[in-house]
Amino acid sequence: MWSSLNEWLWQDRFWLPPNSSWADLEDRDGLVYAHPQDMLAALPLALALVVMRFTFERLIGLPLSRWLGVRNQARRPVQPNATLEKHFLVEGRRLTEPQMVILATQCGLTLRQTQRWFRRRRNQDRPCLTKKFCEASWRFVFYLFSFFGGLSVLYHESWLWRPAMCWDNYPNQTLKPALYYWYLLELSFYISLLITLPFDVRRKDFKEQIAHHLVTITLVTFSYSTNLLRIGSLVLLLHDSADYLLEACKMFNYAHQWRLCNSLFIVFSLVFFYTRLVLFPTQILYTTYYESIANSAPFFGYYFFNSLLVMLQLLHVFWSCLILRMIHSFTKKGQMEKDIRSDMEESGSSEEEEAREHLELKNGAAQGPGVASTDGPRSRTAGRLANGHILAM
């Protein structure tokens, strides 16, 4: 049954242009072609990259963060409370005010004390700056070497400068060893990112990151298996061109070196917009949509590959909107105040929350005796609950 399913799945008409077959891509007369099983080597290499990453972060990233002056914020520990901890883990990190009032009554606390407990508990789960810096430094090193390594592999290739040549004599295009090793390294890296995703800093665009990694892994695997190495290598190189600038910008942001961060942010934004919103649709998407079928009819692999590229473009638009928001903040305030793109956290830091809390308490103390304070049970919500107007939970 498995052999029948495998034979049906790898039919020539699904993945190759008309009048082409897998037999045409068999190694012969010293000519070597790409084969799907070659990519299995990416699995052990991905595990090796995970080990390399944690070793790099411990031996290089952490000392580098200290040398650049990265300091973690001091966070006040929460008082142990089994009832509040249970609701924090089971019901969610953020509760409504009516829920807060009920919990405060159960625990014998004021509403303000309960809110403060949840703020400090959320702060405990937020990653420290050194962890963020170490992650960014590892990705910076990989993207930097990957981009310039890929550029050295493709620099003398004609299709780098004329994407239409990606389709010359397709699919009968031989495999070059340097291109294979670069492809294998890229696939291994994105698999390693999926492996470590549960342990990484959870960012605002977590779902989009998962979608991006899955699309990229599928694109790399599919393009290699169907000998679309030329156009696939252009997609990889185009993406790496901006990613190392992003990670460098994050590193200097965590180190509070604002001038370097601001300068890199401007360069990154220009490169990102040009490569993702100009070059990608006008060069990559155009050649895969039109020039790839200039001498043949469309087939399933054509539609599948272009669908993945369109998904990538939609992610480019999403991240471009985030960057535009950062540019708007940058022009108003003159410097970066948050991590760019995917590094924006859910809420403010503990210092901001404590300062706002102190201000609210100070203002509450300055009010007259006839004004109710949120420190006691006479808050607006507590009043409604006390009068029998209990909201549905």
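Residues numbered from 1 in each chain as written. Predicted model: local features only at pLDDT ≥ 70, side-chain atom pairs only at ≥ 80, totals over all residues. Heavy atoms only, no water.

Here's the deal with the overall build of the protein
Here's step 1: A tally of helices and strands in the protein yields 15 helices and zero strands.
Here's step 2: Residues counted as buried form 47% of the 393 residues belonging to the protein.
Here's step 3: Restricting to contacts in the protein with at least 6 residues of sequence separation, those with at least 24 account for 81%.
Here's step 4: Split by element, the accessible area of the protein, about 21,100 Å² in all, is 61% carbon and sulfur. (Helix = DSSP H or I, 4+ residues; strand = E, 2+ residues; numbered from the N terminus. Buried < 20%, exposed > 50% of the residue type's maximum accessible area, 1.4 Å probe, protein only. Contact = heavy atoms within 4.5 Å. Areas by Shrake-Rupley, 256 points an atom, 1.4 Å probe, with all protein chains shown as cover.)

Observations concerning the environment of Pro 127
Here's step 1: The residue Pro 127 is located in the loop between helix H6 (111-125) and helix H7 (129-154) in this model.
Here's step 2: For the pair Pro 127 and Arg 202, spaced 75 residues apart in the sequence, the C-alpha separation amounts to 8.5 Å.

With respect to the confidence of the model for the protein
Here's step 1: On average, residues of the protein score 80 in pLDDT, and 82% of them reach the 70 mark or higher.
Here's step 2: Long-range and interchain partners of residues 340-355, a stretch whose pLDDT sits below 50, account for 49 contacts in this model, where long-range means more than four residues apart.
Here's step 3: The low-confidence segment residues 357-393 (pLDDT under 50) makes 33 contacts with residues lying over four places distant or belonging to another chain. (pLDDT = per-residue confidence, 0-100.)

Some words on a nonpolar patch on the surface
Here's step 1: A contiguous nonpolar surface patch, about 580 Å² in accessible area, is contributed by Trp 2, Leu 5, Trp 8, Leu 9 and Trp 10.
Here's step 2: Its place among the elements puts Trp 10 in the loop between helix H1 (2-9) and helix H2 (12-15). (Patch = residues over 30% accessible without salt bridge, like charges linked within 9 Å, V, L, I, M, F, W, Y side chains within 5 Å. Salt bridge = Lys/Arg side-chain N within 4 Å of Asp/Glu carboxyl O.)

Quick look at the packing of aromatic side chains
Any pair of aromatic rings gets described here by the distance separating the centres and the angle formed by the planes.
Here's step 1: All told, the structure shown has 28 aromatic pairs when counted by the stated rule.
Here's step 2: Aromatic side chains Phe 142 and Tyr 143 sit 6.1 Å apart centroid to centroid with 70 degrees between the ring planes, which places their arrangement in the edge-to-face category. Grouping residues by exposure puts Phe 142 and Tyr 143 together as buried.
Here's step 3: A ring pair is formed by Phe 189 and Tyr 190, whose centres lie 5.7 Å apart and whose planes are at 75 degrees; its orientation type is edge-to-face. No difference in accessibility class separates Phe 189 from Tyr 190, as the two residues are buried.
Here's step 4: Pairwise contacts between aromatic rings join Phe 14, Trp 15, Phe 222, Phe 300, Phe 304 and Phe 305 into one cluster. (Phe/Tyr/Trp six-rings, centres within 6.5 Å; stacked < 30°, edge-to-face > 60°.)

Comments concerning the side chain of Thr 216
Here's step 1: Structurally, the position occupied by Thr 216 is in helix H10 (residues 206-225).
Here's step 2: Not counting the four nearest positions on each side in its chain, Thr 216 is found in contact with Tyr 190 and Leu 312.

With respect to the pattern of salt bridges
Here's step 1: In total, this model carries eight salt bridges according to the counting rule given.
Here's step 2: The closest approach of N and O atoms between Arg 53 and Glu 135, which form a salt bridge, is 3.6 Å. You can see Arg 53 sitting in helix H3 (residues 42-67) and its partner Glu 135 sitting in helix H7, a full 82 residues away along the chain. Neither residue differs from the other here; Arg 53 and Glu 135 are each classed as buried.
Here's step 3: The residue Lys 131 makes a salt bridge to Glu 135 at a minimum N-O spacing of 3.6 Å.

Describing the packing of helix H11 (residues 229-254) against helix H12 (residues 258-289)
Here's step 1: Taken N-terminus to C-terminus, the directions of H11 and H12 make an angle of 165 degrees; their axes are 8 Å apart at the nearest point. In terms of their interaxial angle, H11 and H12 are classed as roughly antiparallel. For the pair H11 and H12, the crossing hand works out as left-handed.
Here's step 2: Its residues placed into classes, the contact of H11 with H12 shows 22 nonpolar, six polar and two charged. (Axes fitted to C-alpha atoms, helices over the stretch in contact; angles between N-to-C directions. Parallel < 35°, antiparallel > 145°, perpendicular 65-115°, else oblique. Left-handed = near helix turned anticlockwise from the far one by under 90°. Nonpolar A, V, L, I, M, F, W, Y, C, P; charged D, E, K, R; others polar.)

Digging into unusual backbone geometry
Here's step 1: In this model, Tyr 170 is joined to Pro 171 through a cis peptide bond whose omega is 5 degrees.
Here's step 2: Tracing the chain through its elements places Pro 171 in the loop between helix H8 (158-161) and helix H9 (177-196).
Here's step 3: Although it is not a glycine, Asn 227 sits at a positive phi angle of roughly 65 degrees.
Here's step 4: Take Asn 227: it is sitting in the loop between H10 and H11.

As for the side chain of Ser 320
Here's step 1: Inspection of the secondary structure assignment puts Ser 320 in helix H13 (residues 300-333).
Here's step 2: Discounting residues that sit within four places of it in the chain, Ser 320 has contacts with Phe 272, Phe 273 and Leu 277.

A short note on the environment of Thr 287
Here's step 1: Structurally, Thr 287 is set in helix H12.
Here's step 2: Thr 287 gets classed as buried once you look at its relative accessible area, which sits at 0%.
Here's step 3: Sequence-wise, Thr 287 and Met 165 are 122 residues apart; in three dimensions their C-alpha atoms are separated by 9.4 Å.
Here's step 4: Those residues within four positions of Thr 287 in sequence are excluded, and the remaining contacts are Pro 163, Ala 164, Trp 167, Ile 231 and Ser 292.
Here's step 5: Only 2.6 Å separates the side chain of Thr 287 from the side chain of Glu 291, close enough to count as a polar contact. (Polar contact = N/O pair within 3.5 Å; in protein donor to acceptor, adjacent residues only side chain to side chain.)

Thoughts on the environment of Arg 112
Here's step 1: Along the polypeptide, Arg 112 turns up in helix H6.
Here's step 2: Its relative accessible area of 8% is what places Arg 112 among the buried residues.
Here's step 3: Taking C-alpha positions, Arg 112 is 9.4 Å from Val 101, a pair spaced eleven residues apart along the chain.

So, the packing of helix H4 (residues 82-90) against helix H5 (residues 97-107)
A pair of packed helices can be characterised by two numbers: the angle between their axes and the separation between those axes.
Here's step 1: Contact geometry for H4 and H5: axes closest at 10 Å, N-to-C directions at 150 degrees. Our classification of the angle between H4 and H5 gives roughly antiparallel. Contacts between H4 and H5 involve Thr 83, Leu 84 and His 87 from the first element and Leu 103, Gln 106 and Cys 107 from the second.
Here's step 2: A per-class count over the contact of H4 with H5 returns three nonpolar, three polar and no charged.

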